[in-house]
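Topology and contacts: notes
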Amino acid sequence: MIHAVAVVAGGFVAGIATQPRAASAGDWHRVGPPPSDRLEAQAPPAPVAAAPRTETGALPVRRRHRDFEYGITAYAGKSATSNFTSLFYAPWNVEFEDTHLLAVAGSKRLGTIWWDIDVDAELNAAKRFGDDGAWEFAGTVFFRYDHFPWNDTVYTTVGIGVGPSYATHVSETEKVKAGNGDKGSKLLNAFIPELTLADPDLPELAYVFRIHHRSGIFGLIDGVSGGSNFISFGTRVRF
């Protein structure tokens, strides 16, 4: 009898020990996420991916016009009767005549020379309209420079083209300005100052401003001292 009572009492005590105990007002208990969750929440954010670099470790450089071997330029202009030099020191006095020019030119990159100047060879064909209907053909060498501090905003180049120019006939303007007895010359020298502007992210497509000038190099060619000037605007595509 005593043995049976002891067995029942032992089971009763064991059952109480296995039941969850309600927390009293003075007990300590954990509040918040499990430790593993807390550690994940405090982990530092993933690092931001760095800009891609070249094989040498340097940041990539924007493309420039020299990164393209060939170019095609199309432009149109209007004949200015003013002297060539006055177009630079007094452009507000420029006067025009009713002669227009349409031209297309193809160029090929030749290389780079001192002071980081790029060199292109260009073949140019142009047709005049209005008071003059001559054709012009020129072969020029262009020297271009593009190191300007604002190139990240507007990619800019300046250049000068020099080479022989042949016209199918001499215009009245060229005869008057020739200085060789109003004869002029079909073969003269092309001298073409140029400015281009482009989106820095798209240097292969540029807006072109040119002064399409031909003359006798201060009388060296057939005694011609003056010539023709076409104030011209166009576009260039490089590839």
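Residues numbered from 1 in each chain as written. Predicted model: local features only at pLDDT ≥ 70, side-chain atom pairs only at ≥ 80, totals over all residues. Heavy atoms only, no water.

Here the protein chain averages 81 in pLDDT, and 74% of its residues register 70 or above. Low pLDDT, under 50, characterises residues 1–32; the predicted model gives this stretch two contacts beyond four residues in sequence or across chains. (pLDDT = per-residue confidence, 0-100. Contact = heavy atoms within 4.5 Å.)

What follows is about the sheet that holds strand E2 (residues 96–113). Taken together, eight strands build a closed barrel; the order of strands is E1-E2-E3-E4-E5-E6-E7-E8 and the barrel is antiparallel. Across the sheet, the mean angle from the axis of one strand to that of its neighbour is 25°, orientation sign disregarded. (Pairing = 2+ DSSP bridges. Helix = DSSP H or I, 4+ residues; strand = E, 2+ residues; numbered from the N terminus. Axes fitted to C-alpha atoms, helices over the stretch in contact; angles between N-to-C directions.)

So, on to empty space enclosed by the protein. Going through the model one piece at a time under the given rule, you end up with one cavity of 30 Å³ or more. When its volume is computed, the largest cavity comes out at roughly 70 Å³. Every residue lining the largest cavity is listed: His-65, Arg-144, Tyr-155, Thr-157, Thr-196, Ala-198, Pro-203, Glu-204, Ala-206, Arg-236 and Arg-238. Contributing elements (two or more residues each) for the lining of the largest cavity: strand E5 (155–167), strand E6 (187–198) and strand E8 (228–238). Here the lining of the largest cavity is composed, by residue class, of four nonpolar, three polar and four charged. (1 Å grid on protein atoms, 1.4 Å probe; cavity = no way out; pocket = protein on both sides within 12 Å on 5 of 7 lines; lining within 4 Å. Points joined across faces, edges and corners; volume = space filled by probe spheres on them. Nonpolar A, V, L, I, M, F, W, Y, C, P; charged D, E, K, R; others polar.)

What follows deals with the pairing of strand E4 (residues 135–145). Remember that side chains alternate between the two faces of the sheet whenever the strand is regular. On E4, burial follows the alternation: Glu-136, Ala-138, Thr-140, Phe-142 and Arg-144 on one face are buried, whereas Trp-135, Phe-137, Gly-139, Val-141, Phe-143 and Tyr-145 on the facing-out side are not. One ladder, built from ten bridges, connects strand E3 (residues 117–130) with E4; its direction is antiparallel. Across the sheet, the residue bridging to Lys-127 is Trp-135, located in E4. Hairpin connection of E3 to E4: four residues between the antiparallel strands. Judged from the eight bridges that link them, E4 and E5 form a sheet pairing that is antiparallel. By the bridge assignment for E5, Glu-136 is matched with Ala-167. (Buried < 20%, exposed > 50% of the residue type's maximum accessible area, 1.4 Å probe, protein only.)

It is worth spelling out a nonpolar patch on the surface at this point. On the surface, Tyr-70, Ile-72, Val-104, Leu-202, Leu-205, Val-237 and Phe-239 cluster together into a nonpolar patch covering about 600 Å² of accessible area. When you line up the elements, Val-104 lands in strand E2. (Patch = residues over 30% accessible without salt bridge, like charges linked within 9 Å, V, L, I, M, F, W, Y side chains within 5 Å. Areas by Shrake-Rupley, 256 points an atom, 1.4 Å probe, with all protein chains shown as cover. Salt bridge = Lys/Arg side-chain N within 4 Å of Asp/Glu carboxyl O.)

Moving on, we come to the environment of Leu-197. Position of Leu-197 among the secondary structure elements: in strand E6. Residue class for Leu-197 comes out partly exposed when judged on its relative accessible area of 37%. With residues near it in sequence (within four places) discarded, Leu-197 still touches Val-154, Tyr-155, Thr-156, Ala-206 and Tyr-207.

So, on to the packing of aromatic side chains. Evaluation of the coordinates by the stated rule reveals eight aromatic pairs. The interplanar angle of 25° and the centroid separation of 5.9 Å between the aromatic rings of Tyr-70 and Phe-239 together place this pair among those described as stacked. Taken as a pair, Tyr-70 in strand E1 (residues 70–80) and Phe-239 in the segment after E8 lie far apart in primary sequence, 169 residues in all. Residues Trp-135 and Phe-137 carry aromatic rings whose centres are separated by 6.1 Å and whose planes lie at 5° to one another, so their mutual orientation is stacked. Trp-135 sits in the partly exposed class, given a relative accessible area of 40%. These aromatic residues form a ring-pair network of at least three members: Phe-84, Phe-88 and Phe-191. Across from the ring centre of Phe-129, 4.9 Å away, lies the NZ or CZ of Lys-127, which sits over that ring. (Phe/Tyr/Trp six-rings, centres within 6.5 Å; stacked < 30°, edge-to-face > 60°. Lys NZ or Arg CZ within 6 Å of the ring centre and 35° of its normal.)

Here the focus is the side chain of His-213. For His-213, the position within the fold is in strand E7 (residues 205–215). A distance of 2.4 Å separates polar atoms of two side chains, one belonging to His-213 and the other to Asn-229. In this structure, His-213 is in contact with Phe-84, Asn-189, Ala-190, Phe-191, Ile-192, Ser-228 and Asn-229, ignoring residues within four places of it in sequence. (Polar contact = N/O pair within 3.5 Å; in protein donor to acceptor, adjacent residues only side chain to side chain.)

Counted according to the given criterion, the structure contains 18 salt bridges. With a closest N to O distance of 3.1 Å, Arg-238 and Asp-120 form a salt bridge. In this pair, Arg-238 is assigned in strand E8 and Asp-120 in strand E3, connecting sequence segments 118 residues apart. A relative accessible area of 6% places Arg-238 in the buried class. Close ionic contact of Arg-214 with Glu-174 constitutes a salt bridge, the shortest N to O distance being 2.9 Å. Separated by 40 residues along the polypeptide, Arg-214 in strand E7 and Glu-174 in helix H4 (residues 172–178) bring together distant segments of the chain. Arg-214 sits in the buried class, given a relative accessible area of 0%.

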